[in-house]
Amino acid sequence: MTTTRIPGFYRLSTQERLDIVTKGRGLTEDELSYLSANQTLPMDLADSMIENVVGQISIPVGIATNFKINGKDTFIPMATEEPSVVAAASNAAKATYEHGGFFTSMSGTIMRGQIQVLNVADPYAAKAKIFEHKEEIMNLCNEKDPTLVSLGGGVKDLEVHIIPTTNHTMLVIHLIVDTRDAMGANAVNTMAESVAPMIETITGGRVLLRIISNLADRRLVRARAVFSAEALGGKEVVKDIVSAYEFAEFDPYRAATHNKGIMNGISAVVLATGNDTRAVEAGAHAYASISGHYKSLTKFEINADGDLSGSIELPMAVGIVGGATKTHPVAKASLKIMGISSAEELAGCIAATGLAQNAAGLRALASEGIQRGHMSLHARNLAVMAGAAKSDIDRIVAQAVAEKDLRYDRILEITKAIQRGE
Ligand SMILES: CC(C)(COP(=O)([O-])OP(=O)([O-])OC[C@H]1O[C@@H](n2cnc3c(N)ncnc32)[C@H](O)[C@@H]1OP(=O)([O-])[O-])[C@@H](O)C(=O)NCCC(=O)NCCSC(=O)C[C@@](C)(O)CC(=O)[O-]
Ligand SMILES: NC(=O)C1=CN([C@@H]2O[C@H](COP(=O)(O)OP(=O)(O)OC[C@H]3O[C@@H](n4cnc5c(N)ncnc54)[C@H](OP(=O)(O)O)[C@@H]3O)[C@@H](O)[C@H]2O)C=CC1
């Protein structure tokens with residue numbers, strides 16, 4: 001197994017990095033070409049993915065290093081436009097490596113499909129009738145997806161919720177569906193639509209919406225890791241990181257930013273693997289407020305040795321089949337780079353990345369502040385904006401960092417001075 005603990009990976013050329021990742025992962029010439037040389041999709045493929053296609057936008061894919069997940073060294077592909085995100089994830093993962101890295105678990109691969117029923121005169125009696133017909137309802141749903149059922153998935157149970165609203169009391173039936181290695185929205189929506197007429201006959205009501213819920217609270221992923229106090233800058237920094245976390249736990253204004261930091265990591269891996277970023281983000285934020293109070297998705301504590309003990313828990317509706325996961329060539333290559341063979345394994349890696357990302361952000365915030373690390377990497381973008389030649393970028397950034405002035409105006413001045421030969 002190739003180690004992911006590769007000091008100075010970021011100082012290598014893109015070709016050297018690609019060679020390391022390819023080694024032992026067996027990427028084919030085609031996969032390599034989509035990842036690096038030929039970065040655009042064939043237009044016919046793009047046109048078959050979404051509607052009204054006129055072009056494509058490329059987002060860089062970086063590899064986060066230093067991740068050991070459930071004992072396995074794992075390269076993490078991250079698709080993001082934001083500088084310092086990949087560096088930060090690698091940095092925090094480095095602090096966990098000697099403590100065994102990240103450990104993950106999953107509550108299952110269960111999604112909920114909701115069927116909204118209106119105009120039911122006697123909702124409690126209708127609820128009882130639904131359960132009398134439970135087997136019939138489940139069988140009809142499962143007939144719609146024999147592949148999923150043959151893989152051990154399909155509808156496993158039903159729930160009936162009675163929801164009083166301003167104008168009506170609604171009956172909402174939940175199909176509890178095991179979607180295995182698929183995210184499952186199409187599979188669940190097909191089932192919910194197909195069973196709607198039967199639900200109307202049983203309840204005497206009118207079915208309106210038939211759709212998956214993105215609050216995937218039966219598809220929870222958990223990850224934990226110990227971050228070395230020494231690597232984080234000492235025991236005082238660890239204490240301050242815990243205080244920073246407590247701020248997010250009790251103040252929604254801070255929690256929104258704290259969780260944004262987590263999603264920097266999560267959405268980047270979700271995107272790199274061709275999964276639905278909106279579905280995961282909606283699930284994460286809904287889960288963060290499930291107690292009625294919007295909170296942190298992570299927890300940070302000080303363990304008995306004085307190191308930082310971090311954990312994360314959130315819904316993770318991602319697949320390795322379905323959606324764009326098998327059609328987008330870079331998504332397929334990303335799964336191969338990670339060495340992933342199940343949706344559950346992918347969810348664990350995504351949660352570990354979110355946890356690392358958050359720990360890195362909090363470490364910076366609780367010590368030197370976010371701007372040094374983030375802005376010194378963002379300064380490269382500013383130099384490009386200022387019209388710098390590629391060969392001048394390192395020099396411009398080094399000068400701005402030395403001056404501790406990373407404003408665009410100053411970078412523009414430095415760029416112009418270098419271009420004048422000064
Ligand atoms: C940026 C660093 C990592 C520098 O940190 P540093 O201490 O200067 O790094 P270092 O030179 O000591 O290197 C340590 C390790 O970091 C990695 N590393 C170091 N440099 C690079 C690089 N250029 N490219 C790739 N990887 C890099 C690399 O793994 C390296 O290990 P090594 O390879 O040497 O064994 C650090 O300052 C950091 O973690 N900052 C946090 C940045 C961050 O969180 N960015 C996210 C964007 S800001 C935001 O949106 C979220 C936020 C913060 O608002 C959320 C919140 O409020 O909670
Ligand atoms: N609210 C939301 O989040 C919504 C999201 N979406 C979109 O839905 C898409 C995801 O839906 P999804 O149902 O996952 O995609 P697909 O329908 O593309 O794939 C799921 C299907 O793949 C087949 N399959 C083959 N192997 C497996 C396996 N090992 N495990 C599970 N299924 C397998 C199954 O049956 P079979 O072979 O019979 O197809 C299954 O129904 C995403 O593109 C998402 O953006 C759509 C609507 C709403």
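Residues numbered from 1 in each chain as written. Chains lettered and ligands numbered in written order. Predicted model: local features only at pLDDT ≥ 70, side-chain atom pairs only at ≥ 80, totals over all residues. Heavy atoms only, no water.

Visitor: Help me get a handle on the site of ligand 1, residues and values and all.
Guide: Close to ligand 1 lie 30 residues, the nearest being Gly8, Ser84, Arg254, Lys260 and Arg372. In isolation ligand 1 has 1100 Å² of accessible area, and contact with the protein removes 80% of it. Taken together, the elements giving at least two residues each to the shell around ligand 1 come down to helix 4 (85-97), helix 11 (252-272), helix 14 (343-366) and helix 15 (371-385). Per-element accounting of the shell around ligand 1 gives the leading share, six residues, to helix 11. Along the lines of polarity and charge, the residues of the shell around ligand 1 split into ten nonpolar, twelve polar and eight charged. (Near = heavy atom within 4 Å. Areas by Shrake-Rupley, 256 points an atom, 1.4 Å probe, with all protein chains shown as cover. Helix = DSSP H or I, 4+ residues; strand = E, 2+ residues; numbered from the N terminus. Nonpolar A, V, L, I, M, F, W, Y, C, P; charged D, E, K, R; others polar.)

Visitor: Report on the domain arrangement of the protein chain, specifying residues and quantitative values.
Guide: Annotation of the protein chain at the domain level lists domain 1 (9-104 + 222-367), domain 2 (110-213) and domain 3 (372-419). The C-alpha centroid of domain 2 is placed 33 Å from the C-alpha centroid of domain 1. At the junction of the two partners, domain 1 supplies nine residues and domain 2 supplies five residues. The three residues of domain 1 that bury the most area against domain 2 are Ala317, Val321 and Ala343, which together make up 56% of that side's buried surface. Across the domain 1-domain 2 interface, the total number found is zero salt bridges. Counting across the interface, domain 1 meets domain 2 through three residue pairs in polar contact (both at pLDDT 80 or more). Split into classes, the residues belonging to the side of domain 1 that touches domain 2 amount to six nonpolar, three polar and no charged. (Domains from an automatic or database assignment. Contact = heavy atoms within 4.5 Å. Buried area = accessible area lost by both parts, 1.4 Å probe. Salt bridge = Lys/Arg side-chain N within 4 Å of Asp/Glu carboxyl O. Polar contact = N/O pair within 3.5 Å; in protein donor to acceptor, adjacent residues only side chain to side chain.)

Visitor: I'd like to hear about the site of ligand 2, residue by residue, with values.
Guide: Asp145, Gly184, Asn186, Asn214 and Asp276 are the nearest of the 21 residues found near ligand 2. Separating an oxygen atom of ligand 2 from a backbone N or O atom of Met183 is a distance of 3.2 Å. Between ligand 2 and Asp276, the relevant distance is 2.7 Å, taken from an oxygen atom to a side-chain nitrogen or oxygen of the residue. In the complex, 68% of the free accessible area of ligand 2, which totals 930 Å², lies under the protein chains. Listed by contribution, the elements that provide at least two residues to the shell around ligand 2 are helix 7 (146-150) and helix 8 (185-203). Across the shell around ligand 2, the residue classes tally to nine nonpolar, eight polar and four charged. Formed jointly, the shell around ligand 2 draws a minimum of three residues from each of two domains, domain 1 (9-104 + 222-367) and domain 2 (110-213).

Visitor: Explain the pairing of strand 6 (residues 110-118) to me, using residue names and the numbers behind them.
Guide: In summary, the side chains of a regular strand alternate between the two faces of the sheet. In terms of burial, strand 6 is a largely internal element, eight of the nine residues being buried. Alignment of strand 6 against strand 8 (residues 169-178), held across eight bridges, turns out to be antiparallel. Bridge assignment links Met111 to a residue of strand 8, and that residue is Val177. (Buried < 20%, exposed > 50% of the residue type's maximum accessible area, 1.4 Å probe, protein only. Pairing = 2+ DSSP bridges.)

Visitor: Explain the environment of Gly233 residue by residue, including any values.
Guide: Among the secondary structure elements, Gly233 is positioned in the loop between helix 9 (229-232) and helix 10 (235-250). A residue is classified by how much of its surface remains accessible, and Gly233, at 54% relative accessible area, is exposed. Sequence separation between Gly233 and Arg363 is 130 residues; the distance between their C-alpha atoms is 8.4 Å.

Visitor: Can you explain the nonpolar core? Please cite residues and give values.
Guide: Counting 62 residues, the largest nonpolar core has Phe67, Phe102, Phe227, Ile266 and Met316 as the members making the most contacts within it. Considering each element in turn, this core owes the most residues, eleven residues, to helix 14. Ignoring any residue separated from it by four or fewer positions in sequence, one finds Met316 in contact with Met106, Arg219, Val221, Ile266, Val280, Ala347 and Ile350. (Core = buried A, V, L, I, M, F, W, Y, C linked by side-chain atoms within 4.5 Å.)

Visitor: Hey, could you go over the sheet that holds strand 8 for me, with residue numbers and the actual values?
Guide: On the basis of which strands lie adjacent, the open sheet formed by four strands has the order 7-8-6-9 and antiparallel pairing. The outermost strands of the open sheet, each flanked by one partner alone, are strand 7 (154-164) and strand 9 (206-213). Direction aside, neighbouring strands of the sheet carry axes that sit 20° apart on average. Against the sheet, helix 6 (residues 134-143) touches strand 7 and strand 8, its axis set at about 120° to strand 7. On top of the sheet, helix 8 reaches strand 6, strand 7, strand 8 and strand 9; it is set at about 155° to strand 9, its chief contact. (Axes fitted to C-alpha atoms, helices over the stretch in contact; angles between N-to-C directions.)

Visitor: Residue-level account of the packing of helix 11 against helix 12 (residues 277-288), with values.
Guide: Running from N to C, helix 11 and helix 12 cross one another at 150°; their axes reach a closest spacing of 10 Å. It follows from the interaxial angle that helix 11 and helix 12 lie roughly antiparallel. Helix-helix and strand crossings are classified by hand; for helix 11 and helix 12 the assignment is right-handed. In contact with Asn259, Met263, Ile266, Ser267, Val270 and Leu271 of helix 11, helix 12 contributes Thr277, Val280, Glu281, Ala284, His285 and Ala288. By residue class, the composition of the contact of helix 11 with helix 12 is seven nonpolar, four polar and one charged. (Parallel < 35°, antiparallel > 145°, perpendicular 65-115°, else oblique. Left-handed = near helix turned anticlockwise from the far one by under 90°.)

Visitor: With reference to specific residues and values, describe the pattern of salt bridges.
Guide: The full count for this structure, using the stated rule, is 19 salt bridges. In this structure, the salt-bridge partner of Lys336 is Glu31, at a minimum N-O distance of 3.1 Å. A residue pair is termed long-range when its members are at least 10 positions apart, and Lys336 in helix 13 (residues 329-338) and Glu31 in helix 2 (residues 29-37) qualify at 305 residues. Residue classification places Lys336 among the partly exposed residues on the basis of a relative accessible area of 28%. Each of Arg112, Glu159, Asp217 and Arg218 takes part in salt bridges that share partners, so that together they form one network.

Visitor: Help me get a handle on the environment of Ser309, residues and values and all.
Guide: With respect to the helices and strands, the residue Ser309 is situated in strand 12 (residues 308-315). Residues Ser309 and Lys299, spaced ten residues apart in sequence, show a C-alpha to C-alpha distance of 8.2 Å.

Visitor: Describe a nonpolar patch on the surface, and please don't skip the residues or the numbers.
Guide: Where nonpolar side chains cluster on the molecular surface, the patch consists of Ile57, Ile59 and Leu271 and spans about 300 Å² of accessible area. Note that Ile57 resides in the loop between helix 3 (43-49) and strand 1 (61-64). Judged by its relative accessible area of 74%, Ile57 is exposed. (Patch = residues over 30% accessible without salt bridge, like charges linked within 9 Å, V, L, I, M, F, W, Y side chains within 5 Å.)

Visitor: Give a description of the packing of aromatic side chains that names residues and reports values.
Guide: All told, the structure shown has four aromatic pairs when counted by the stated rule. Where Phe227 meets Phe300, the ring centres are 6.4 Å apart and the plane angle is 55°; that geometry is what we call tilted. With Phe227 in strand 10 (residues 220-227) and Phe300 in strand 11 (residues 298-302), the pair connects residues that are 73 residues apart, well separated along the chain. Grouping residues by exposure puts Phe227 and Phe300 together as buried. Connected via pairs of aromatic rings, a cluster forms that spans Phe67, Phe102, Phe227, Tyr245 and Phe300. Against the face of Tyr97 rests Lys68, its NZ or CZ located 4.3 Å from the ring centre. (Phe/Tyr/Trp six-rings, centres within 6.5 Å; stacked < 30°, edge-to-face > 60°. Lys NZ or Arg CZ within 6 Å of the ring centre and 35° of its normal.)

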